[in-house]
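If you want the building blocks of each chain, they are given just below.
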Amino acid sequence: MAAACSGWRCLGLLPWRLRAAGQAAAVGLLRAQSRGYCIPFGTGRYARGRARKGSRMLVGAAFALGGTFGLFQTLQDPLKAQEHLAEQQAAKLPAGSLQLTLYQYKTCPFCSKVRAFLDYHGVPYEIVEVNPVMRKEIKFSSYRKVPILLANAGNTVQLNDSSVIISAIKTYLISRKKSLEEIVSFYPPMKAVNERGKEVTEYGNKYWLMLDEMETQHVYPIKETRVEEMKWRKWADDWLVHLISPNVYRTPREALASFNYIVHEGKFGTVEGFFAKYMGAVAMFFISKRLKSRHHLQDNVREDLYKAANDWVKAIGKHRPFMGGSQPNLADLAVYGVLRVMEGLEAYDDMMTHTKIQPWYHRMEKAIGEAEVPNWQLLQPPY
């Protein structure tokens with residue numbers, strides 16, 4: 001599964017084939033096909049047509065909201081605090097340091113993974129929030145998903161796919177022997193056909209750090225820790241992320257409550273708010289059922305979420321605070337980044353109540369919150 005989003009429909013992604021506003025659009029909502037990864041909103045006949053502006057705005061608002069499983073916390077303080085932290089840290093790096101710009105949707109789990117990684121390592125970055133309907137902010141890119149990271153370390157390099165971004169930047173922070181361009185070349189894009197017969201872009205080696213022997217020994221003094229980290233990073237992308245949308249929109253009540261919060265806190269006109277709240281909630285309730293079937297989840301999808309959380313805690317074990325030992329590793333950051341998009345929702349509260357994940361989760365919050373200095377300086381091998 002590509003570790004990226006290309007619409008606000010992350011995890012409940014909908015390749016909507018829109019026709020007109022009003023009743024036809026509502027019917028289209030319920031008939032939409034969901035995806036296990038994010039696909040461009042602005043594709044198909046709707047994007048190419050010249051539908052009336054008012055109808056397009058109504059439909060776009062509802063559909064954009066309809067597929068984002070974590071949009072509920074868009075206005076929450078933790079994310080604002082992270083952005084403020086990034087701004088504060090920007091003044092601490094010496095001239096000529098790595099300059100990063102992250103193109104994202106705030107509640108995309110893959111974007112959340114990247115932010116967790118950058119925040120923990122104390123690397124400053126600018127955020128560009130991408131409009132999920134028009135996507136004008138990324139019109140410069142032929143790659144139409146998010147996150148996209150533009151990195152300037154002398155020359156500007158574009159990095160795509162959340163796991164590639166994390167692996168490449170971590171490699172760069174550790175090993176200054178290689179240019180960023182060279183590091184990115186180690187993660188080649190490859191065309192593949194997924195289980196539904198659709199051509200997708202995957203990236204080779206995306207869970208590997210491209211280090212020499214001495215650097216590897218410095219980061220992974222125990223060989224097995226590298227294998228373990230890669231295994232659970234992949235697990236976060238291939239399994240954990242699929243559990244979010246079915247749990248967030250599990251019941252009509254949960255779906256409606258989520259959209260009620262969005263409309264109440266957002267800036268919507270009367271008609272747009274009504275359409276987004278009710279049609280979006282209805283659409284995503286039914287789509288969550290399709291996702292449950294596609295990924296072979298239990299009738300009570302909470303049980304799959306609980307099991308995943310407890311499996312993760314069991315993998316960490318009782319004798320280390322993080323999978324990375326005394327400090328989080330890339331697997332810790334990936335799992336945390338995916339799960340935190342549920343904050344403020346019933347599914348999140350249930351997970352905290354019915355699983356053993358809460359102590360680890362709070363340790364992760366503290367570890368990231370305490371990243372007030374550029375930790376990347378501490379990553380340099382001692383030679």
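Residues numbered from 1 in each chain as written. Predicted model: local features only at pLDDT ≥ 70, side-chain atom pairs only at ≥ 80, totals over all residues. Heavy atoms only, no water.

## So, the overall build of the chain
So, step 1. Assigned secondary structure in the chain consists of 16 helices and six strands.
So, step 2. Sequence separation of at least 24 residues holds for 73% of the intrachain contacts in the chain that already meet a minimum separation of 6.
So, step 3. When the accessible surface of the chain is summed, it comes to about 17,300 Å², and 55% of that surface belongs to carbon and sulfur atoms. (Helix = DSSP H or I, 4+ residues; strand = E, 2+ residues; numbered from the N terminus. Contact = heavy atoms within 4.5 Å. Areas by Shrake-Rupley, 256 points an atom, 1.4 Å probe, with all protein chains shown as cover.)

## Section: the sheet that holds strand β3 (residues 148–152)
Strand pairing in a sheet takes place through backbone hydrogen bonds and is either antiparallel or parallel in direction.
So, step 1. Read across the open sheet, the four strands follow the order β2-β1-β3-β4; overall the sheet is mixed. Of all the strands in the sheet, the pair left with one neighbour each is β2 (126–129) and β4 (156–160). Each strand axis lies, on average, 20° off the axis of its neighbour in the sheet, ignoring direction.
So, step 2. Examined bridge by bridge, β3 and β4 share five bridges and lie antiparallel to one another. Each residue of the ladder has a partner; that of Leu-150, found in β4, is Gln-158.
So, step 3. Running over the sheet, helix α5 (residues 109–120) touches β1 (99–104) and β2 and is turned about 155° from β1.
So, step 4. Sheet strands touched by helix α6 (residues 162–174): β1, β3 and β4. Its angle to β4, the strand with the most contacts, is close to 130°. (Pairing = 2+ DSSP bridges. Axes fitted to C-alpha atoms, helices over the stretch in contact; angles between N-to-C directions.)

## Topic: the pattern of salt bridges
Close approach of charged atoms allows side chains of opposite charge to pair.
So, step 1. Inspection of every chain in the model, using the stated rule, returns 13 salt bridges.
So, step 2. The partner of Asp-238 in a salt bridge is Lys-234, with the nearest N and O atoms 2.5 Å apart. Taken together, the residues span about one helical turn, with Asp-238 and Lys-234 both in helix α9 (residues 223–238) at a distance of four residues.
So, step 3. In this structure Asp-238 comes out as partly exposed when scored by relative accessible area, which is 27%.
So, step 4. Here Asp-311 ties to Lys-307 by a salt bridge, and the two come within 2.8 Å at their closest N and O atoms. With Asp-311 and Lys-307 both in helix α13 (residues 301–316), this residue pair falls four residues apart, about one helical turn.
So, step 5. Members of the salt-bridge network, linked through shared partners, are Arg-250, Arg-253, Glu-254, Arg-302, Glu-346 and Asp-350. (Salt bridge = Lys/Arg side-chain N within 4 Å of Asp/Glu carboxyl O. Buried < 20%, exposed > 50% of the residue type's maximum accessible area, 1.4 Å probe, protein only.)

## Here we look at the environment of Ser-288
So, step 1. You can see Ser-288 is positioned in helix α12 (residues 270–294).
So, step 2. With 43 residues separating them in the primary sequence, Ser-288 and Ser-245 have C-alpha atoms 6.2 Å apart.

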